[in-house]
Amino acid sequence: MNMSLRSRLLAAALTTVALLPVAACGSTATEDTSAAAAESVPDVIEPLPDTPTPQLPVTVESADGQMIDITDVDRIIPLSGSIAEVVFTLGLGDNVVGRDITATFEQAADLPVVTRGHDVSAESVLSLHPTVILASATTGPAEAVEQIRAAGIPMVMFSGAGDLTDVDRSIAEIAAALGVDEAGDELRERTADRIAEVQKSVPDVDPPLKVAFLYLRGSASIYLIGGERSGASGLIEAAGAVDAGKEAGFDADFTPITSEAMVASAPDVILVMTKGLESVGGIDGLLELPGIAQTPAGMDRRVAWIDDGIILNYGPRTDQVLASLVEQIYGDDR
């Protein structure tokens, strides 16, 4: 099964996961995007207060249409960082025996890595004797998935969350597969309440700020601007802003950065991943890319950044991501 471009980009973002506070909109952002600075913010999951007792067996429908019977969740392997985040937050972290490389939060750090951005090693997975495997619909290769299922291990695939509107459904589906529906309901309510609380702090700006999400990997000469299907639109719009790439008519996931593309999008603020900004040499290096220095954002050095592993990881910590973005683009204007 082919991965979407957004999934491939996220798979390439193999970084530490910590929200990095940055300069507020309207000021000059600091150049300190070092690993030491990233480590100043603890990257920790906040589980629900009570450990749930799974009610098993359950039968759930996998995203690939198969009905999967689950009788044991004592040894869980989540094959994506976003799924792992939900499992740990539901309170079942002690049952997890392996992780994808994108699950880099503190509680998962010591677990063996069995996948790298949806690229599964069936042998590594099976060597940990899992009782259930939770995967993204983009997990592959197909041969590895077939090998795991042929071994008799229940493997549930999820379509995942690509927007704020998907968070509730994603949590519910994962909780149902683990037999902890009540904990899922509790987490869904907590997550929704926290996102709503952050949104109360969003100022009413007219016209709204235009924010362009850029995907940067300087070492590979990859410089892209997010469009309608980049996955960032929901986050930007929840912060009361407009996705500059989407408004400019970029209907693909990502479009190469050119002077023409940047002029067309004309962002007031540029949003990037932490490692992406580092890879181009910080803000000074960013301004050397085609057209960026000529945008309103470039002229004012209005750049926001959030860590790679969490920025588009819609789930229990989305309120933190949203709060960081709101603080950065509005600052003292809230």
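Preceding this paragraph is the structure being described.
Along every chain, residues carry numbers that run from 1 in the direction the sequence is written. pLDDT decides what is reported in this predicted model: residues at 70 or higher carry local features, side-chain atom pairs at 80 or more are listed and counted, and totals for whole chains, interfaces and linings draw on all residues regardless. The side-chain numbers reported here are obtained from all heavy atoms of the structure, hydrogens and water having been left aside.

## Considering the overall build of the protein chain
Selection criterion: Helix and strand labels come from DSSP, where a helix needs a run of H or I of at least four residues and a strand needs a run of E of at least two; each type is numbered from the N terminus. Think of it in three bands: with a 1.4 Å probe and only protein chains considered, a residue is buried below 20% of the maximum accessible area for its type, exposed above 50%, and partly exposed in between. In what follows, residue pairs with any heavy atoms lying within 4.5 Å of each other are defined as contacts. Note on areas: Shrake-Rupley, 1.4 Å probe, and residue coverage restricted to the protein chains presented here.
Counting secondary structure elements, the protein chain contains 15 helices and 14 strands. Out of the 334 residues in the protein chain, the part that is buried amounts to 56%. Put simply, 67% of the contacts in the protein chain that link residues at least 6 apart link residues at least 24 apart. Within the structure as shown, the protein chain displays about 13700 Å² of accessible surface, and the carbon and sulfur contribution to it stands at 49%.

## Considering the sheet that holds strand E7 (residues 132-136)
Two orientations exist for strands paired in a sheet by backbone hydrogen bonds: parallel and antiparallel. Formally: Only when DSSP finds a minimum of two bridges between them are two strands counted as paired. Structural elements are reduced to axes, namely lines fitted to C-alpha atoms, with helices fitted over the stretch in contact, and the angle between N-to-C directions of any two is expressed from 0 to 180 degrees.
The strand order across the open sheet built from 3 strands is E3-E7-E8, with neighbouring strands paired in parallel fashion. Looking at the sheet topology across the chains shown, the edges are occupied by strand E3 (76-78) and strand E8 (155-158). Pairwise comparison of adjacent strand axes, ignoring direction, gives a mean angle of 15 degrees for this sheet. Sheet topology places E7 next to E8; 4 bridges connect them, and they run parallel. Looking at E8, one finds that Ser 136 is bridged to Phe 158. Its contacts with the sheet place helix H3 (residues 81-92) against E3, E7 and E8, and it is angled at close to 140 degrees to E3.

## Notes on the pattern of salt bridges
Counted only if it meets this: A pairing counts as a salt bridge when a side-chain nitrogen of Lys or Arg comes within 4 Å of a carboxyl oxygen of Asp or Glu.
Taken as a whole and judged by the stated rule, the model has 17 salt bridges. Of the charged contacts in the structure, one is a salt bridge between Asp 308 and Arg 217, with a shortest N-O distance of 2.5 Å. Here the residue Asp 308 occupies a position in helix H14 (residues 308-311), and Arg 217 occupies one in strand E9 (residues 210-217), the gap between them amounting to 91 residues. This pair shows no difference in class: Asp 308 is buried, exactly as Arg 217 is.

## Details of the pairing of strand E2 (residues 67-70)
Side chains of E2 alternate between two faces, with Ile 68 and Ile 70 buried and Met 67 and Asp 69 left unburied. Where strand E1 (residues 58-61) meets E2, 4 bridges bridge the pair, whose relative direction is antiparallel. Bridge assignment links Val 58 to a residue of E2, and that residue is Ile 70. Hairpin connection from E1 to E2: 5 residues lie between these consecutive antiparallel strands, with Gly 65 at a positive phi of about 90 degrees.

## Some words on helix H6 (residues 167-177)
Put simply, the test is: The directions from the helix axis to the C-beta atoms are what the arc is built from.
For H6, every residue scored as buried is listed here: Val 167, Ser 170, Ile 171, Ile 174, Ala 175 and Ala 177. Buried residues along H6 cover an arc of 165 degrees about the axis, so they all sit on one side. Directly after H6, the chain includes Gly 179, whose backbone phi takes a positive value near 70 degrees.

## Focus on the nonpolar core
Quick reminder of the rule: Here the nonpolar core consists of buried residues drawn from Ala, Val, Leu, Ile, Met, Phe, Trp, Tyr and Cys, with membership extended through side-chain atoms lying within 4.5 Å.
Within the largest apolar cluster, 65 residues are counted, with the highest numbers of intra-cluster contacts made by Leu 134, Leu 178 and Ile 329. Ranked by residue count, the leading element in this core is H3, at 7 residues. With residues near it in sequence (within four places) discarded, Leu 134 still touches Ile 76, Ile 77, Pro 78, Leu 79, Ile 83, Val 87, Val 156, Phe 158, Ile 174, Ala 177 and Leu 178. By size, the runner-up hydrophobic cluster in this structure holds 21 residues, among which are Ile 225, Leu 277, Leu 286 and Leu 287.

## With respect to the sheet that holds strand E6 (residues 119-120)
Pairing is mixed across the open sheet formed by 3 strands, whose spatial order is E4-E5-E6. At either margin of the open sheet sits one strand with a lone partner, and together these are strand E4 (99-100) and E6.

## Quick look at the environment of Thr 138
What counts is decided by this rule: For the purposes of these results, a polar contact is taken to be a pair of N or O atoms within 3.5 Å, where, inside protein, one atom must be able to donate a hydrogen and its partner to accept one; residues adjacent in sequence count only when each atom of the pair is a side-chain atom.
Among the structural elements, Thr 138 can be located in the loop between E7 and helix H5 (142-150). Linking Thr 138 and Met 157, residues 19 residues apart in sequence, is a C-alpha distance of 8.5 Å. Here the side chain of Thr 138 touches Ser 136 through a polar contact of 2.8 Å, side chain to side chain.

## Topic: H5
One full turn of an α-helix is made of 3.6 residues, so residues set three or four places apart face in the same direction. Restricting attention to buried positions, one finds in H5 the residues Ala 144, Val 145, Ile 148 and Arg 149. The arc enclosing the buried residues of H5, seen along the axis, measures out at 130 degrees, which places them on a common side. Opposite its buried face, H5 presents the exposed residues Glu 143, Glu 146 and Ala 150, each directed more than 90 degrees away. Lining the buried residues of H5 we find E2, E6, helix H4 (122-127), E7 and E8. Following H5 by one or two positions, Gly 152 has its phi on the positive side, about 90 degrees.

## Some remarks on the pairing of E7
Rules: Viewed with both strands pointing away, a crossover whose connecting path from the first strand over the helix to the second turns clockwise is right-handed.
For E7, the tally of buried residues reaches 5 of 5 residues, placing the bulk of the element in the interior. Burial along E7 is two-sided: Val 132, Leu 134 and Ser 136 facing one way and Ile 133 and Ala 135 facing the other are all buried. In this sheet, E7 lies alongside E3 in parallel orientation, the contact comprising 3 bridges. From the neighbouring strand, Pro 78 faces E7, where its bridge partner is Leu 134. A crossover connection joins E7 to the parallel E8 through H5; in handedness this β-α-β unit is right-handed.

## Let's talk about the packing of aromatic side chains
Which entries qualify depends on this criterion: Between rings of Phe, Tyr and Trp, where Trp is taken as its six-membered ring, a pair exists when centres lie within 6.5 Å; planes separated by under 30 degrees are stacked, by over 60 edge-to-face, and by other angles tilted.
Applying the stated criterion to the full structure yields 3 aromatic pairs. Here Phe 88 and Phe 105 contribute two aromatic rings whose centre-to-centre distance is 5.0 Å and whose plane-to-plane angle is 75 degrees, an arrangement assigned as edge-to-face. Of the two residues, Phe 88 sits in helix H3 while Phe 105 sits in the loop between E4 and strand E5 (113-116), which places them 17 residues apart along the sequence. With respect to burial, Phe 88 and Phe 105 carry one shared label: buried.

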